Amino acid sequence: MTAMGTLELTSWIFLGALLAGFLGALTGLGGGVVIVPMLTLLFGVDIRYAIGAALISVIATSSGAAAAYVQEGYSNIRVGMFLEIATVVGALAGAALALHLRTPVIAIIFGVVLLYSAYASFHENSMAIKNLGPDRLATWFRMDSTYPTERGLQSYHVQGVPLGFGMMFVAGVISGLLGIGSGAVKVLAMDKAMKLPFKVSTTTSNFMIGVTAAASAGIYLHRGYIDPGLSMPVMLGVLMGALLGAHVLAGAKVSVLKLVFSVVIAFLAVEMIYNGFTGRL
């Protein structure tokens, strides 16, 4: 880092964040899974400062896309607000835990989560969810809703509320601990446990990610781990990359992009785990 001037370093970080946001938008995992290993492995940034910058970028990108999805009628606001209780508590716990864990331990945990993210990106489940009928707890919370399809509004019933709530706590811990949106875990909870349609799961996850990140970012800010000089180029780069990725997504061959993304993420995961075990971070 010392060999680079401030402007040159900021430019490289911005370009890296741009690529991270672009790939994150194409895969639905967000740019955080690339940002933290990029900053720590390539630029030698302390992992806690990297996590702080990633959380700021998650808040920015989630806020923009979430508003559009809510307006279009995809996001289930009741499900999202209820599950945010679990993710926010989990995020606060994860952020507090990250401040007490040694850097190599955080790097190893991050690498394991990256490996799962790579797998989840390439093995997306797009199977249709069968209508299992109303669930008593979901009905009591009035979570059942509709979402737009080519044939008009399609109704669906929410299932497995307690299991989904528990999985959301885990997703929150991962988000606060590692500075990522943990979208893969959130989508898994809503898609598998709660039987939401895939488009509803992904859009509701996006709606929730920003709130989860904001909760844990407060702890990092209080401890001084959010550096404006680092967070600003990261946030702008990820935001612009996400907008570009959303524009390209319609005409892109997503299967190829997801394969490339999975390979890159798997490589970063191995690097993080290796550097964690060898104490190089």
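Calculation rules
Residues numbered from 1 in each chain as written. Predicted model: local features only at pLDDT ≥ 70, side-chain atom pairs only at ≥ 80, totals over all residues. Heavy atoms only, no water. Axes fitted to C-alpha atoms, helices over the stretch in contact; angles between N-to-C directions. Helix = DSSP H or I, 4+ residues; strand = E, 2+ residues; numbered from the N terminus. Parallel < 35°, antiparallel > 145°, perpendicular 65-115°, else oblique. Left-handed = near helix turned anticlockwise from the far one by under 90°. Contact = heavy atoms within 4.5 Å. Nonpolar A, V, L, I, M, F, W, Y, C, P; charged D, E, K, R; others polar. Patch = residues over 30% accessible without salt bridge, like charges linked within 9 Å, V, L, I, M, F, W, Y side chains within 5 Å. Areas by Shrake-Rupley, 256 points an atom, 1.4 Å probe, with all protein chains shown as cover. Salt bridge = Lys/Arg side-chain N within 4 Å of Asp/Glu carboxyl O. pLDDT = per-residue confidence, 0-100. Pairing = 2+ DSSP bridges. 1 Å grid on protein atoms, 1.4 Å probe; cavity = no way out; pocket = protein on both sides within 12 Å on 5 of 7 lines; lining within 4 Å. Points joined across faces, edges and corners; volume = space filled by probe spheres on them.

A. Just unusual backbone geometry, in detail. With phi around 55 degrees, Arg 142 is a residue other than glycine that occupies positive phi space. Of note, Lys 195 is a non-glycine position whose phi angle comes to about 60 degrees, a positive value.

B. Here's a closer look at the packing of helix H4 (residues 77–98) against helix H9 (residues 198–222). Where H4 meets H9, the closest approach of the two axes is 8 Å, and the angle between their N-to-C directions is 30 degrees. In terms of orientation, H4 lies roughly parallel with respect to H9. As H4 packs across H9, the resulting crossing turns out to be right-handed. Counting all contacts with H4, which are made through Ile 77, Gly 80, Met 81, Leu 83, Glu 84, Thr 87, Val 88, Ala 91, Leu 92, Ala 95, Ala 96 and Ala 98, the residues of H9 involved are Thr 204, Phe 207, Met 208, Ile 209, Val 211, Thr 212, Ala 215, Ser 216, Ile 219 and Tyr 220. Split into classes, the residues belonging to the contact of H4 with H9 amount to 16 nonpolar, five polar and one charged.

C. Region of the structure containing a nonpolar patch on the surface. Taken together, the side chains of Ile 85, Val 89, Phe 169 and Val 170 make up a nonpolar region of the molecular surface, amounting to roughly 340 Å² of accessible area. Elements with a minimum of two residues in the nonpolar patch: H4 and helix H7 (161–178).

D. The arrangement of the packing of H7 against H9 in detail. At their nearest, the axes of H7 and H9 sit 9 Å apart, and the two run at 50 degrees to each other. Compared by their axis directions, H7 and H9 come out oblique. Note that H7 runs across H9; the crossing there is right-handed. Seen from H7, the contacting residues are Met 168, Gly 172, Ser 175, Gly 176 and Leu 177; seen from H9, they are Met 208, Thr 212, Ala 213, Ser 216 and Tyr 220. Per-class residue counts for the contact of H7 with H9 are five nonpolar, five polar and no charged.

E. Seen up close, the confidence of the model for the chain. Per-residue pLDDT for the chain has a mean of 82; in total, 85% of the residues score no lower than 70. Ranking the helices and strands of the chain by mean pLDDT puts H4 first, with 92, and helix H8 (residues 183–193) last, with 77.

F. Spatial organisation of the side chain of Thr 203. Inspection of the secondary structure puts Thr 203 in helix H9. Among residues more than four places away in sequence, those in contact with Thr 203 are Tyr 69, Tyr 74 and Ser 75.

G. Examining the pairing of strand S1 (residues 145–149) more closely. As judged from the five bridges shared by S1 and strand S2 (residues 152–156), these two strands associate in the antiparallel manner. The residue of S2 that forms the bridge with Ser 145 is Tyr 156. Here S1 hands over to S2 after two residues, the two strands then running antiparallel side by side.

H. Focus on the layout of surface pockets. Of the voids in this model, the second largest pocket is the one considered here, and its volume is about 290 Å³. Residue lining of the second largest pocket: 16 residues in total, with Leu 19, Val 34, Met 38, Leu 42 and Leu 268 positioned closest to the centre. Looking at the lining of the second largest pocket, the elements with two or more residues in it are helix H1 (6–27), helix H2 (32–42) and helix H11 (254–278).

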